[in-house]
Amino acid sequence: HLPRCPVPALVPEKLLVSMAPHELCTVTAAADVPDDFKALATAWPLWDSKTHPQKPRGSGKFRFDYNGTYASERVLIMSGAATLKPTDGSPSFDIKAGDAVTFWNGFSCDWRVTKRMTKHYAYYSEDGKPEEEYETGIACDMCSADCFAESYLFEE
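Residues numbered from 1 in each chain as written. Predicted model: local features only at pLDDT ≥ 70, side-chain atom pairs only at ≥ 80, totals over all residues. Heavy atoms only, no water.

I would appreciate a short explanation of the nonpolar core in the present structure.
Across soluble globular proteins, nonpolar side chains have a tendency to be buried as a group. One finds Leu84, Ile95, Val101, Phe103, Phe107, Trp111 and Met117 to be the most contacted residues of the largest nonpolar core, which totals 21 residues. Residue assignment for this core shows that the elements contributing at least two residues are strand 2 (25-28), strand 5 (72-86), strand 6 (93-96), strand 7 (100-104) and strand 8 (108-124). Look past the residues within four positions of Trp111 in its chain and what remains in contact with it is Gly60, Lys61, Phe62, Phe64, Tyr66, Ala82, Thr83, Leu84, Ile95, Phe103, Met117 and Lys119. Counting eight residues, the second largest nonpolar core, distinct from the first, contains Phe37, Leu76, Ala100 and Tyr124. (Core = buried A, V, L, I, M, F, W, Y, C linked by side-chain atoms within 4.5 Å. Buried < 20%, exposed > 50% of the residue type's maximum accessible area, 1.4 Å probe, protein only. Helix = DSSP H or I, 4+ residues; strand = E, 2+ residues; numbered from the N terminus. Contact = heavy atoms within 4.5 Å.)

Looking at this structure, I do not really get the environment of Trp104. What am I missing?
As for its placement among the helices and strands, Trp104 is situated in strand 7. Each C-alpha atom of the pair Trp104 and Cys25 lies 5.9 Å from the other, and the pair is 79 residues apart in sequence.

I'm lost on the side chain of Lys119 in this one. Help?
With respect to the helices, strands and loops of the structure, Lys119 is situated in strand 8. A residue is classified by how much of its surface remains accessible, and Lys119, at 6% relative accessible area, is buried. There is a polar contact of 3.4 Å between the side chain of Lys119 and the side chain of Glu73. Setting aside residues up to four positions removed in sequence, Lys119 forms contacts with Pro45, Leu46, Trp47, Glu73, Val75, Leu76, Ile77, Met78 and Trp111. (Polar contact = N/O pair within 3.5 Å; in protein donor to acceptor, adjacent residues only side chain to side chain.)

Help me understand the pattern of salt bridges, please; the structure alone is not making it clear to me.
Tallied over the entire structure, the rule returns five salt bridges. In this structure, the salt-bridge partner of Asp110 is Arg63, at a minimum N-O distance of 2.7 Å. Pair noted here: Asp110 is in strand 8 and Arg63 is in strand 4 (residues 61-65), with a separation of 47 residues, a long-range link. Of the charged contacts in the structure, one is a salt bridge between Glu73 and Lys119, with a shortest N-O distance of 3.4 Å. Linking Glu73 in strand 5 with Lys119 in strand 8, this pair joins segments that are 46 residues apart in sequence. (Salt bridge = Lys/Arg side-chain N within 4 Å of Asp/Glu carboxyl O.)

What follows is the structure, given as structure tokens:
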């Protein structure tokens, strides 16, 4: 018997046709991901495993703790595959292209990317609404202010 999602009200009803390989992670298989979720997710930022820090470098291995100010991170895997091993000793599980995954705050796992992965991601609050969009900024070495708008590294 798989554990239930800790906060089912936060998951879109159509994504509840899912498996919960861990009490703080829900996976919806690619074949069951609704089209409206796919359309929504493609507007989110895109993450690429190639650019994520790995130990050792280029190994596809890294630890990630889902412990931000958000209630959950929702992702749609666009390409690739990975095995996730929860740090609490729970069994490992696989995620792959097309799957929708919800990582609940407090989940921690060791990633092993087995095929270069890209995924769209967004953060959601406890009320199930998207978190405010955060503009990636650059903290000034002199004043610690957010100097994004003034940076020559970014085009408008």
